[in-house]
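Here is how the chains run, residue by residue.
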Amino acid sequence: MKRLAVSAMTLLTAASLAACQSPQGNFAPNGSAVRAAGAGQVHLNKVSIRVQNPNLPTVPGEYVVRYKPGAASQTRSLARGQNMQVAAIGNPTLGMELVKFDPNVRADATLEALRHDPNVLYVEPNFVEKLSPEAVGEPVPATRAAGPNDPMFAQQYAHQVSNSVAGWQINQGSPNVVIAVIDTGVDIHHPDLAAKIVQGRDIVDGDDEPIDEHYHGTHCAGIAAASTNNGIGVAGFAPNVRVMPVRVLDANGSGTSADVAAGIIWATDHGAKVISMSLGGPSNPSVKQEAVKYALSHDVVVVAAAGNNGDGSMTFPGAQDGVICVAATDSKDKRASFSQFGKWVSVSAPGVGILSTFPTTNTTGKKDYGSISGTSMATPAVAGVVALIRSQFPTMNREQVRAQLEHSVDDIGDPGYDIYTGFGRINVAKALTPARF
Ligand SMILES: [Ca+2]
Ligand SMILES: [Ca+2]
């Protein structure tokens, strides 16, 4: 779906939305329960719209509507006024729809009708989703190069720290295990990735070519599963698993909650066993939560970044229940200063100065290969290890996989579980050995 052009009228709608925000931000008319701390209500004229955090940016003129299970399609089509476009978010059977209003027509009456439709569970704004701001890199020492023949392997300290080579003696991954990289797309022609790609989806443009117009998704894909021991470039954590590129963020690294949700659902419906999401933010709208629950209920392991603000704030979906939330460490096993922390952190992985693939077509300097830092880089490392666990122990369900991961890490930082590095830093060899717990 191409984004609608922002007109003066939609800007007006956004302005009136902002002007009508509740100063208290935490009350529940119509008997509906407030779901979480910080949840609030935005009032657009008389229409109440559920909002997790009323101060976060939303897409003007766009709303997510969720229908009750079994709501008749006829009912839905009746609700579709002539002044809006409607598209299912992900799998239509979930009853989640994105509505976009014609900027020349006032939306208040339609929104109010939807809000009061007995078949509607909720109406919420479509939030803006972004990559975490890129963290400042730190110099990384070159390391020993005992391992695969990829010429840049010596610079990939993450594999030395994480005991990858010993792990690859046990299992290099199954091509039947697919990691969905839900991000800015992937350069599917990159010589260190092309052999690893399965059919993906471009949610942003609504087509089957999730081309990376940024660089972030290509970098994450290479960390998880670049072609390894192929004599070129870098090694990935899971040498033989495959990558499903799902594009939900545009050339600026920006997208919407509805598109992130659609990407999660699409990946689940198309065979991903692991989802890697190096994205997120403080907004936690229902549409994103429901999509993650859908993936979890289909036995998909969901891995997401803790975020790069360096504080104790929550990033979603990373902090959502059931998601493996990843913190970042450096070459000396210290927590990266930018890595967000909290009791929702599961494990940690190297995320400072991480060398991986960049799009071959990039003209901004981030081309072919290079190093960047962030919990974004730690996340696909963990996703790669999870994919190896799923290859080695194919009968484990997602909760058993998570337990195997969390009990096979090396404890770092304060002894035992700590909110900065979780249970510890990944260890590939231990992850592929039955853990005692
Ligand atoms: Ca390679
Ligand atoms: Ca610890």
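All figures in this text were calculated on a predicted structure; none of them were measured in a lab.

1. Some thoughts on the overall build of the protein
Tallying secondary structure elements over the protein gives 11 helices and 16 strands in all. Partitioning the intrachain contacts of the protein with sequence separation of at least 6 by distance along the chain shows that 73% fall at a separation of at least 24.

2. A look at the sheet that holds strand β6 (residues 120-130)
In spatial order, the strands read β4-β5-β3-β6-β10; together these 5 strands make up an open sheet with antiparallel pairing. Bordering the open sheet on either side are β4 (84-88) and β10 (254-256), each of which pairs with just one other strand. Adjacent strand axes in the sheet meet at a mean angle of 25°, parallel and antiparallel pairs treated alike. By the bridge criterion, 6 bridges tie strand β3 (residues 58-67) to β6 in an arrangement that is antiparallel. Its bridge partner lying in β6, Thr58 is registered against Phe127.

3. Looking at the nonpolar core
If you look at the biggest cluster of nonpolar residues, it comprises 113 residues, and the most contacted ones within it are Ile179, Val303 and Val382. Per-element accounting of this core gives the leading share, 10 residues, to helix α9 (residues 375-392). Once residues within four sequence positions are removed from consideration, Val382 is found in contact with Val303, Ile324, Val326, Val347, Ala349 and Ile426.

4. Digging into the sheet that holds strand β11 (residues 274-277)
Across a sheet, strands are paired by hydrogen bonds formed along the backbone, either parallel or antiparallel in direction. With respect to topology, 7 strands assemble into an open sheet ordered β8-β9-β7-β11-β12-β13-β14, the strand pairing being parallel. Of all strands in the sheet, those with a lone pairing partner are β8 (201-202) and β14 (345-350), marking the two edges. As defined by bridge partners, strand β12 (residues 301-305) adjoins strand β13 (residues 324-329) across 3 bridges and the pair is classed as parallel. Residue Ala305 lies in a different strand from β13, and its bridge partner there is Val326.

5. Focus on the packing of helix α7 (residues 257-269) against helix α8 (residues 286-297)
For the pair α7 and α8, interaxial distance at closest approach is 8 Å and the crossing angle is 10°. One finds that α7 runs roughly parallel with respect to α8. Between α7, through Ser257, Ala258, Val260, Ala261, Ile264, Ile265 and Thr268, and α8, the contact on the second element is made entirely by Val287, Lys288, Glu290, Ala291, Val292, Tyr294 and Ala295. Considering only residue class, the contact of α7 with α8 consists of 10 nonpolar, 2 polar and 2 charged.

6. Considering the pairing of strand β5 (residues 96-101)
Counting buried residues in β5 gives 6 out of 6 residues, a clear majority hidden from the surface. Burial along β5 is two-sided: the face carrying Met96, Leu98 and Lys100 and the face carrying Glu97, Val99 and Phe101 are both buried. Both β4 and β5 contribute to a ladder of 5 bridges, which runs antiparallel. Across the sheet, the residue bridging to Met84 is Phe101, located in β5.

7. Description of the confidence of the model for the protein
Scored by pLDDT, the protein comes out at a mean of 85, with 82% of its residues at no less than 70. Scored below 50 in pLDDT, residues 1-51 shows 75 contacts in the model against residues more than four places distant or in partner chains.

8. Some points on the packing of helix α6 (residues 216-225) against α9
Interaxial distance between α6 and α9 falls to 7 Å at its minimum, and their mutual angle equals 35°. Seen along the crossing, α6 lies across α9 with a hand that is right-handed. Here His216, Cys220, Ile223, Ala224 and Ala225 of α6 come into contact with α9, specifically with Ser376, Met377, Pro380, Ala381, Ala383 and Gly384. Broken down by class, the residue content of the contact of α6 with α9 amounts to 8 nonpolar, 3 polar and no charged.

9. Details of the environment of Ile211
Relative to the helices and strands, Ile211 resides in the loop between β8 and α6. The class of Ile211 is buried, set by 21 C-beta atoms lying within 10 Å. Spatially, the C-alpha atoms of Ile211 and Gly185 are 5.2 Å apart, while their sequence positions differ by 26 residues.

10. What about α7?
Under the 1.5 Å per step criterion, the end-to-end length of α7 is 18 Å for 13 residues, consistent within 8% with the ideal 18 Å. Within α7, 12 of the 13 residues are buried, which leaves the element mostly enclosed by the surrounding structure. Along α7, the residues that are buried comprise Ser257, Ala258, Asp259, Val260, Ala261, Ala262, Gly263, Ile264, Ile265, Trp266, Ala267 and Thr268.

11. Notes on helix α3 (residues 108-116)
Residues of α3 that are buried include every one of Thr110, Leu111 and Leu114, and no others. The buried residues of α3 all sit within an arc of 100° when viewed along its axis, so they share a single face.

12. Digging into the environment of Met377
Along the chain, Met377 falls in helix α9. For the pair Met377 and Ala328, spaced 49 residues apart in sequence, the C-alpha separation works out to 7.9 Å. With sequence-adjacent residues up to four places away left out, Met377 is seen in contact with Ile223, Ala328, Gly351, Ile354 and Ile372.

13. As for unusual backbone geometry
It is generally the case that most residues other than glycine have a negative phi and that most peptide bonds are trans. With omega at 15°, the peptide bond leading from Phe316 into Pro317 counts as cis. Tracing the chain through its elements places Pro317 in the loop between β12 and β13. Of note in the backbone geometry, Asp333 takes a positive phi value of approximately 65° without being a glycine. Its location among the elements puts Asp333 in the loop between β13 and β14.

14. Quick look at the environment of Val401
Tracing the sequence through the fold places Val401 in helix α10 (residues 398-406). Overall, the presence of 22 C-beta atoms within 10 Å leaves Val401 in the buried class.

Rules used in this analysis
Residues numbered from 1 in each chain as written. Chains lettered and ligands numbered in written order. Predicted model: local features only at pLDDT ≥ 70, side-chain atom pairs only at ≥ 80, totals over all residues. Helix = DSSP H or I, 4+ residues; strand = E, 2+ residues; numbered from the N terminus. Contact = placed C-beta atoms within 7 Å. Pairing = 2+ DSSP bridges. Axes fitted to C-alpha atoms, helices over the stretch in contact; angles between N-to-C directions. Core = buried A, V, L, I, M, F, W, Y, C linked by C-beta atoms within 7 Å. Buried ≥ 20, exposed ≤ 12 C-beta atoms within 10 Å, placed from the backbone. Parallel < 35°, antiparallel > 145°, perpendicular 65-115°, else oblique. Nonpolar A, V, L, I, M, F, W, Y, C, P; charged D, E, K, R; others polar. pLDDT = per-residue confidence, 0-100. Left-handed = near helix turned anticlockwise from the far one by under 90°. Expected span 1.5 Å × (residues − 1). Arc of directions from axis to C-beta.

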